[in-house]
Structures are given as structure tokens and as C-alpha cells.
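Chains, contacts and geometry: an overview
Spelled out, the chains give:
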Amino acid sequence: MPTTKYKNRDSRLETSGKVVGFYEREFYCFSNFSSFSVKWRNKLWPTSEHAYQASRFMESNPKVVNMIFKAKSADEAYKIAQKYKPHNFEDYREDDLKNMESILRAKLKQNPYVMHKLLQTGKKLIIEDSPKDSFWGWGPNKKGRNELGKLWMKLRKELI
């Protein structure tokens, strides 16, 4: 059977099968942009990206939180957060990790399909194989921090 070539697929994405890459493929449900709603902090967010981006403004700007909540897509939620982010946004990384873990726990608990897919990964390395994001994923040189993948593996370890 011939190998399928995907048009418009970034050639830098992991395809060896040695790791579980979830940047727009079978395990895309691990992405914050996937269309799984999540109830977090007493609100039903359209996606975990909405919840995550809003978390950065909950203490400082409820107006932006509301705009993010009403965003029509995860991409729009991201763009709103980028537009309003303060200059010291990188100072939030510790809180980002805590909030993201809390959001992912809620997503996992509330969405049986996500739980099923996480258990399917076995003991494989989970990587957000984004060629762009070196903090949450592995970035353009595959040496990024992969914090999102690490959080998914932490949650999986607690299950098995």
C-alpha cells in the first residue's frame, strides 16, 4: 500500500511512529485547539485554548476574559490574548503551567474520548510536534521544552 502524502502538511512534523505527535493528526484531541469543550472555573469554555488564554487575564482584565470566552474559535481566542497581552507576559509561565495542568485535567475527566486516546499512547513519548512553539511543543529545531506533552504524560502516568 502506498504511503499517503498530505498536501500542505509541514514536512518538519514527526512521522516515524516512535513518538505520539499530536499536532493536527490522530491524537489532535490533545491539542488545545481541538474542539472539546471544558468546564473550568465554573464556565463551559468552547476549547481548552479559550480557557488557557482567558486564565492569563482572570486577575487583571475581566473584559478580555469575556472577549476570549465569546471567541468563535480557538484561533480567535489566541489572537485576542495576543492583542491584549502585557509586556511582562513571559513572567506568567509558572502560572501558565499550573493553569494548563488544571485545564487538561478537566478536559480529560470530562471527555471520555480524550481519556481513551491518552490511554492508547501506552508508554510512548507524547510530543506537541509543533514546528513553531518551543515552549509548549518542540519547536522548529525539535529541542523545545514540550511542556504540553509533558503534562499529558504526567496525567497518563497517574492513570496507569
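Residues numbered from 1 in each chain as written. Predicted model: local features only at pLDDT ≥ 70, side-chain atom pairs only at ≥ 80, totals over all residues. Heavy atoms only, no water.

Here the focus is the pattern of salt bridges. Under the counting rule described, the total for this entry stands at nine salt bridges. Here R56 and D96 are joined by a salt bridge, their closest N and O atoms 2.6 Å apart. Of this pair, R56 sits in the loop between α1 (48-55) and α2 (62-69) while D96 sits in helix α4 (residues 93-110), and the two are 40 residues apart along the sequence. Assigned by exposure class, R56 and D96 land together as buried. Among the residues examined, D96 registers a relative accessible area of 1% and is labelled buried. The network of salt bridges with shared partners includes E101, R105, K154 and E158. (Salt bridge = Lys/Arg side-chain N within 4 Å of Asp/Glu carboxyl O. Helix = DSSP H or I, 4+ residues; strand = E, 2+ residues; numbered from the N terminus. Buried < 20%, exposed > 50% of the residue type's maximum accessible area, 1.4 Å probe, protein only.)

Where α1 meets α2, the closest approach of the two axes is 9 Å, and the angle between their N-to-C directions is 170°. With respect to their mutual orientation, α1 and α2 come out roughly antiparallel. Residue-level contacts link H50, Q53 and A54 of α1 to V65, I68 and F69 of α2. For the contact of α1 with α2, the residue count by class is four nonpolar, two polar and no charged. (Axes fitted to C-alpha atoms, helices over the stretch in contact; angles between N-to-C directions. Parallel < 35°, antiparallel > 145°, perpendicular 65-115°, else oblique. Contact = heavy atoms within 4.5 Å. Nonpolar A, V, L, I, M, F, W, Y, C, P; charged D, E, K, R; others polar.)

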